[in-house]
Amino acid sequence: MAKILFVMTGASYWTLKDGHRHPTGYWAEEFVAPYTVFTNAGYEVTVATPGGVVPVVDTMSLEPRMAGGEENALQEEAVIEKAEELRHPLSLKEVRLEDYAAVYYPGGHGPMEDLSVDADSGALLRKALASGNPLAIVCHAPAALLATRDANGNTPFANYRLTGFCNEEEAGVGFADKAKWLLEDELKKLPTDYSRGPAWEPYTVVDRTLYTGQNPASSGPLAKEIVKALS
């Protein structure tokens, strides 16, 4: 059975510019929707995090107002509870990239805290891009691309077309003024050819083997594109 690697944040908080540690983790829909698409298509999922830390879900993402209603929230919680892969993550240092058909990075604010500066994740991303296999990154997880820069600030992702959580959406959840930096701004500086769709609506961008999604609603459609690419 072919395997797909989920590289997930190990952070349980996000440090804001005033020093406050805002509780966070991974965003429920961005794990659940792709996990469901991939496992239903017959793929085995392996989770990896910095240091092999068991990832935590951002509790805000399981609130009915954020999850699209109480029924959706309960369904997402049920998938997370049953997903044993979340309980036994690999450390990023242990990952053998050749074991996987594709790599997927879910978001949440957690990647802004750890994956944006994680050297192991940065090395894995560079190898994943060079491998020719699909690499999918959604919402806040493109923050991990900041860790792919070398000592001269160069990255193999330079000028790739991509998307990620936009400034308007960050303002919509109340963090645009509180964050140390905004993802859209940093991706443009990297530099990448950043684009976005309407706030909160599914929007995906494919450039060669790089697949990106703007927000939680984009994670399911992004996973379906990966399955199509692998079939």
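Summary of the structure given here. (Residues numbered from 1 in each chain as written. Predicted model: local features only at pLDDT ≥ 70, side-chain atom pairs only at ≥ 80, totals over all residues. Heavy atoms only, no water.)

### Some points on the pattern of salt bridges
Okay, step 1: Counted according to the given criterion, the structure contains nine salt bridges.
Okay, step 2: Of the charged contacts in the structure, one is a salt bridge between D120 and K93, with a shortest N-O distance of 3.2 Å. Placement of D120 in helix α5 (residues 119–131) and of K93 in the loop between β5 (90–91) and β6 (102–105) is noted, with a sequence separation of 27 residues between them.
Okay, step 3: Owing to a relative accessible area of 66%, K93 belongs among the exposed residues under this scheme.
Okay, step 4: A salt bridge links E168 to R196; the shortest N-O distance between them is 2.6 Å. Linking E168 in helix α6 (residues 167–172) with R196 in the loop between β9 (193–194) and β10 (204–207), this pair joins segments that are 28 residues apart in sequence.
Okay, step 5: Looking at E168, the relative accessible area reads 43%, which means it is partly exposed.
Okay, step 6: What makes R196 partly exposed here is its relative accessible area of 32%.
Okay, step 7: Salt bridges linked by common partners bring R96, E98 and D99 together as one network. (Salt bridge = Lys/Arg side-chain N within 4 Å of Asp/Glu carboxyl O. Helix = DSSP H or I, 4+ residues; strand = E, 2+ residues; numbered from the N terminus. Buried < 20%, exposed > 50% of the residue type's maximum accessible area, 1.4 Å probe, protein only.)

### Topic: the layout of surface pockets
Okay, step 1: One number sums up the size of the largest pocket: a volume of about 260 Å³.
Okay, step 2: Taken together, 20 residues make up the lining of the largest pocket; nearest its centre are W27, M66, F165, W200 and P216.
Okay, step 3: Elements represented by at least two residues in the lining of the largest pocket include exactly α1 (28–40) and α2 (64–67).
Okay, step 4: Tallied by class, residues from the lining of the largest pocket come to 10 nonpolar, six polar and four charged.
Okay, step 5: The space that makes up the second largest pocket amounts to roughly 150 Å³.
Okay, step 6: Lining the second largest pocket are L92, K93, V95, L97, E98, D120, A123, L124 and K127.
Okay, step 7: Its residues assigned to classes, the lining of the second largest pocket comprises five nonpolar, no polar and four charged. (1 Å grid on protein atoms, 1.4 Å probe; cavity = no way out; pocket = protein on both sides within 12 Å on 5 of 7 lines; lining within 4 Å. Points joined across faces, edges and corners; volume = space filled by probe spheres on them. Nonpolar A, V, L, I, M, F, W, Y, C, P; charged D, E, K, R; others polar.)

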